[in-house]
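Spelled out from the first residue to the last, the chains are:
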Amino acid sequence: MSDTTTAIQVLDRAVQLLEAIATAGVPATLKIVSAETGLHPSTAHRILNALAAHGLVARGDAGAWRLGRQLRDLA
């Protein structure tokens, strides 16, 4: 996980969440990404939902998060 921080806290948190999902190797639950990032589950959930609205992450049937199609397309 990156130790870089900027003046825009929500972007730092979003990147932390993306990194946690990417390094998990399998779809990651909210509990896992919250523990990995140190973010409160409600904060992580709010940011993940915003990322999902842009296709950067996606939530599977079991509720676990994975990287989204739009993020892969941008890469």
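Analysis parameters
- Residue positions are given per chain, counting from 1 as you read along its sequence in written order.
- In keeping with the predicted nature of the model, local features appear solely for residues at pLDDT of at least 70, side-chain atom pairs appear and are counted solely at 80 or more, and the whole-chain, interface and lining totals rest on all residues.
- Only heavy atoms go into the side-chain values, all of them from the structure, while hydrogens and water stay out.
- Strands here mean DSSP runs of E at least two residues long; helices mean DSSP runs of H or I at least four residues long; both are numbered from the N terminus.
- The buried label applies to any residue whose accessible area, calculated with a 1.4 Å probe on protein chains only, is under 20% of its type's maximum; exposed applies above 50%, and partly exposed to all values in between.
- Helix span, expected: 1.5 Å multiplied by one less than the number of residues in the helix.
- Contacts were defined at the residue level, with two residues in contact if any of their heavy atoms lie within 4.5 Å.
- pLDDT is a per-residue confidence score from the predictor, ranging from 0 to 100.
- Only the stretch in contact is used when a helix axis is fitted, and all axes are lines through C-alpha atoms; the angle between N-to-C directions ranges over 0 to 180 degrees.
- By definition in this entry, angles of less than 35 degrees are roughly parallel, angles greater than 145 are roughly antiparallel, angles of 65 to 115 are roughly perpendicular, and the rest are oblique.
- Less than a right angle of anticlockwise turn of the near helix away from the far helix marks a crossing as left-handed, whereas a clockwise turn marks it as right-handed.
- Three classes are used, and their members are as follows: Ala, Val, Leu, Ile, Met, Phe, Trp, Tyr, Cys and Pro are nonpolar, Asp, Glu, Lys and Arg are charged, and the others, Gly among them, are polar.
- Arc definition: directions from the helix axis to the C-beta atoms.

**Notes on the environment of Thr-5**
Part 1 of the reasoning: The residue Thr-5 is located in the segment before helix 1 (9-24) in this model.
Part 2 of the reasoning: By relative accessible area, Thr-5 is classed as exposed at 64%.
Part 3 of the reasoning: The spatial distance from the C-alpha of Thr-5 to the C-alpha of Val-15 is 10.0 Å, given a sequence separation of 10 residues.

**Quick look at helix 1**
Part 1 of the reasoning: Compared with an ideal rise of 1.5 Å per residue, which puts 16 residues at 22 Å, helix 1 spans 23 Å between its outermost C-alpha atoms and is within 8% of the ideal.
Part 2 of the reasoning: Three or more residues of helix 1 are buried, namely Asp-12, Ala-14, Leu-17, Leu-18, Ala-20 and Ile-21.
Part 3 of the reasoning: Considering only its buried residues, helix 1 is in contact with helix 2 (30-37), helix 3 (41-53), strand 1 (57-59), strand 2 (65-67) and helix 4 (69-74).
Part 4 of the reasoning: Remark: Gly-25 follows helix 1 within two positions and exhibits a positive phi of approximately 80°.

**Side note on the confidence of the model for the protein**
Part 1 of the reasoning: Confidence in the prediction for the protein averages 93 pLDDT; 96% of positions are at 70 or higher.
Part 2 of the reasoning: No element of the protein has a lower mean pLDDT than helix 4, at 92, and none a higher one than helix 3, at 98.

**A short note on the packing of helix 1 against helix 2**
Part 1 of the reasoning: Contact geometry for helix 1 and helix 2: axes closest at 9 Å, N-to-C directions at 120°. Judged by the angle between their axes, helix 1 and helix 2 are oblique. Judged by the sense of rotation from one axis to the other, the crossing of helix 1 with helix 2 is right-handed. Taken together, the residues of helix 2 that come into contact with helix 1 (itself represented by Gln-16, Leu-17, Ala-20 and Ile-21) are Val-33, Glu-36 and Thr-37.
Part 2 of the reasoning: Here the residues of the contact of helix 1 with helix 2 are counted per class, giving 4 nonpolar, 2 polar and 1 charged.

**A short note on helix 3**
Part 1 of the reasoning: The terminal C-alpha atoms of helix 3 lie 18 Å apart, and with 13 residues this matches the ideal 18 Å at 1.5 Å per residue to within 8%.
Part 2 of the reasoning: Every buried residue belonging to helix 3 is among Thr-43, Ala-44, Ile-47, Leu-48 and Leu-51, and all of these are buried. Down the axis of helix 3, the buried set is contained in an arc of 125°. They therefore lie on one face. Set apart from the buried face of helix 3 by more than 90 degrees, the exposed residues are Arg-46 and Ala-53.
Part 3 of the reasoning: On its buried side, helix 3 packs onto helix 1, helix 2, strand 1 and strand 2.
Part 4 of the reasoning: Downstream of helix 3 by a residue or two, Gly-55 has a phi angle that is positive, lying close to 80°.

**Topic: the packing of helix 1 against helix 3**
Part 1 of the reasoning: At a minimum axis distance of 10 Å, the contact between helix 1 and helix 3 shows a crossing angle of 85°. As far as their axial angle goes, helix 3 and helix 1 are roughly perpendicular. Residues Val-10, Arg-13, Ala-14, Leu-17, Leu-18 and Ile-21 of helix 1 lie in contact with helix 3, whose contacting residues are Thr-43, Ala-44, Ile-47, Leu-48 and Leu-51.
Part 2 of the reasoning: Across the contact of helix 1 with helix 3, the residue classes break down as 9 nonpolar, 1 polar and 1 charged.

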